[in-house]
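# Structural features, examined
Each chain is listed here by its residues.
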Amino acid sequence: MQYPLISTKAARFTESVIRGMSIEAKKYDAVNLAQGMPDFPAPQILKDAACRAIQDDVNQYAVTWGAHDLRHAIADHAGWHLGLTVDPETEITVTCGSTEAMLVTLISLINPGDEVILSQPFYENYWPDCVLAGATPRFVPVRPPHWKFDPDELAAAFNDRTKAIVLCNPNNPTGAVFTREDLEPIAALCRKWDVVAITDEIYEHILFDGREHVALASLDGMHERAVTVGGMSKTYSVTGWRVGTILANPTLTKTFRQIHDFVSIGAAAPLQEAGAVAYRLPRAYYDHLASDYQARRDRFCKVLWEVGFEFDAPEGAYYIMAGIGPFGAVDDVEFARRLVREIGVATVPGSSFFQDKELGRAYTRFCFCKRDATLDAAAERLRALRVIV
Ligand SMILES: Cc1ncc(COP(=O)(O)O)c(C=O)c1O
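For the protein chain, an unreviewed UniProt entry supplies the name Aminotransferase and the organism Paludisphaera borealis. Note on the protein chain: under the UniProt heading Cofactor (unreviewed entry), the record states "pyridoxal 5'-phosphate". Word for word, the UniProt comment on the protein chain under Sequence similarities (unreviewed entry) is "Belongs to the class-I pyridoxal-phosphate-dependent aminotransferase family."

Written out as C-alpha cells, the structure is:
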C-alpha cells in the first residue's frame, strides 16, 4: 500500500536498478561493471586546478549559470569540437551534472499533455525525467545490430502533441553513434512538427574506429530548436564532480537559467574553475581518450565473444549491450543476479533500459570504463560462466 504522505508522482518511482547493482557488487565482492564510472584517476592537471581553487578561496557560489571563465572555455570547445558558435554570455548554462541539465530542460519545456519521444532502449534517467516534468513519453524502438531508428516508425511517432525528442548520442546503453545521415531526418521531423531536439552528448569524445561526433544542433535550421546537454563526467573521468552543461539559443537559455537557479543555484564553484582548465585541454587529450577507450573496448569485446555473449562491437560510449540467449537465460534480472552472486561480476539487466520490460529480457549491459586490471579480473571470472550458468 502507498504511504499516504507520498505524492502519486513519487510513488511511480522505484530504486535505480543500476545503483542497486552497485550495492550488490559490494555485498558479493564482485567486479563492478554496472555503473558507468571510471576506476582510473582523473588528469592530474584538473586535480591540481581544483585544489588550487579551494586554496585560493573559491568557496562561495559561482554565478548561478556558470563561472565566467568556464563558460568561455566551454564556448571555445564547442566551437572546434561541435562546430557550434556559442555565445558564453547568453547560450550556456552550467548545471550539477548533465542529470540536472536534462531535468531542467524538460521542466522548462513541458506542459501537461505534451509528449516526448524517447528511443527504446533508453538511458534509465529519461523516463523519471519525463515523469517529474509531467511529460508523456512516447517510445520508438531501436533494434540490434545497429540500434538505429526505422525512419517510418520514427516519423509515425511525431504528432501535434510532440514537444521534444531526447536522443543520446553516442548512445548509452547501445553504443550506437548517430551519423549526420542518421541525424538529418530527425532534424527534418523536428522542423516539420515544431519540436525541440534535446541531445544528450555526454559521450561526445568517446567514439571508435575514426567515427566523428556530429551535434544535432549544428545541422541547418536547428539553432532555434536544439538543446545540447553535456558535461565533464565522462570526458574528464570526474563523474563525482557534478558539472554539466546546456547549450541552447538565448531565449531557451534564459528560461533554463531561471529554473536551474531554483533547482540547485549552481555547480561546485572550485570545480568549475578546474572545468575551465579541462575544456581548454589540447586536442591530443581527446584523441588519447578515444584511443584508450577503443583499446579497452577491443580487449573486453574479445573476452565477451569468447565466453559466448552475442553483440556487435559498440561504435561509441563505453557500454556493451550483450545478448544472453546463448547461456539459456530467459530472464535478464535473474541472469544478472546470478552473475553478480555466483560469478562475481556486476552488470545491469537489459530490461532496466526498456519501458516494455519484456523487450529487454535477452540482454545484460556491461560497462568497460575500467583499468585493464579490472577488466582482466572480470574476464577471469566470466570464463567460468559456461560451466556454472
Ligand atoms: C547517457 C547519460 N547521460 C547522463 C549521464 C549522467 O551524467 P552526469 O554525471 O553529467 O550527470 C550518464 C551517466 O552514466 C549517461 O550515461
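## Re helix α8 (residues 180-193)
For α8, with 14 residues, the first-to-last C-alpha span of 20 Å sits near the 20 Å given by 1.5 Å per residue. Structurally, α8 contributes buried residues whose contacts are with β6 (162-168) and β7 (196-200). Positive phi appears at aspartate 194, one or two residues downstream of α8, with a value of about 55°.

## Observations concerning the UniProt feature "domain: Aminotransferase class I/classII large" (unreviewed entry) in the protein chain
Annotation from UniProt places "domain: Aminotransferase class I/classII large" (unreviewed entry) at residues 29-382. Segment residues 29-382 splits into 40% helix and 16% strand. End C-alpha atoms: 14 Å apart.

## Here we look at the site of the ligand
In the vicinity of the ligand, 13 residues are found, and the nearest of them are Gly97, Ser98, Thr99, Gly231 and Ser233. The greatest single-element share of the shell around the ligand, amounting to three residues, is contributed by helix α5 (residues 97-109). Residue composition of the shell around the ligand, grouped by class: three nonpolar, nine polar and one charged.

## Let's talk about the nonpolar core
Leu106, Ile165, Ala197, Leu216, Val345 and Ala346 are the most contacted members of the largest nonpolar core, which totals 122 residues. Split by domain, the residues of this core number at least three in each of domain 1 (8-42 + 284-388) and domain 2 (44-282).

## Some details on the sheet that holds strand β2 (residues 92-95)
The eight strands are arranged β2-β9-β8-β7-β6-β3-β4-β5 in an open sheet whose pairing can be described as mixed. A single partner strand is all that each edge strand has here, and the edge strands are β2 and β5 (148-149). Summarising the sheet, strand β8 (residues 226-231) and strand β9 (residues 244-247) pair through four bridges and their orientation is antiparallel. Directly across from threonine 228, in β9, lies its bridge partner leucine 247. Along the sheet, helix α4 (residues 68-82) contacts β2 and β9; its crossing angle with β2, the most-contacted strand, is approximately 115°.

## Regarding the pairing of β8
Here β8 lies mainly inside the structure; six of its six residues are buried. Across the two faces of β8 the burial is the same, with Ala226, Thr228 and Gly230 and Val227, Val229 and Gly231 all buried. Relative to β8, β7 is paired through four bridges, and the arrangement is parallel. Each residue of the ladder has a partner; that of aspartate 200, found in β8, is valine 229.

## A closer look at unusual backbone geometry
Residue proline 145 is reached from proline 144 by a cis peptide bond, and omega for that bond is 5°. Mapped onto the elements, proline 145 comes out in the loop between β4 (136-143) and β5. The omega angle of the peptide bond from asparagine 169 to proline 170 is -10°, so this bond is cis rather than trans. Structurally, proline 170 is set in the loop between β6 and α8. Backbone geometry places serine 237, a non-glycine residue, at a positive phi of 55°. With respect to the helices, strands and loops of the structure, serine 237 is situated in the loop between β8 and β9. For serine 237, a count of 19 C-beta atoms within 10 Å translates into the label partly exposed. At arginine 242, a position not held by glycine, the phi torsion is positive, near 60°. Along the chain, arginine 242 turns up in the loop between β8 and β9.

What counts and what doesn't
Residues numbered from 1 in each chain as written. Predicted model: local features only at pLDDT ≥ 70, side-chain atom pairs only at ≥ 80, totals over all residues. UniProt positions renumbered as here; feature names shortened; annotations may be inferred. Helix = DSSP H or I, 4+ residues; strand = E, 2+ residues; numbered from the N terminus. Expected span 1.5 Å × (residues − 1). Contact = placed C-beta atoms within 7 Å. Near = placed C-beta within 6 Å. Nonpolar A, V, L, I, M, F, W, Y, C, P; charged D, E, K, R; others polar. Core = buried A, V, L, I, M, F, W, Y, C linked by C-beta atoms within 7 Å. Buried ≥ 20, exposed ≤ 12 C-beta atoms within 10 Å, placed from the backbone. Domains from an automatic or database assignment. Pairing = 2+ DSSP bridges. Axes fitted to C-alpha atoms, helices over the stretch in contact; angles between N-to-C directions.

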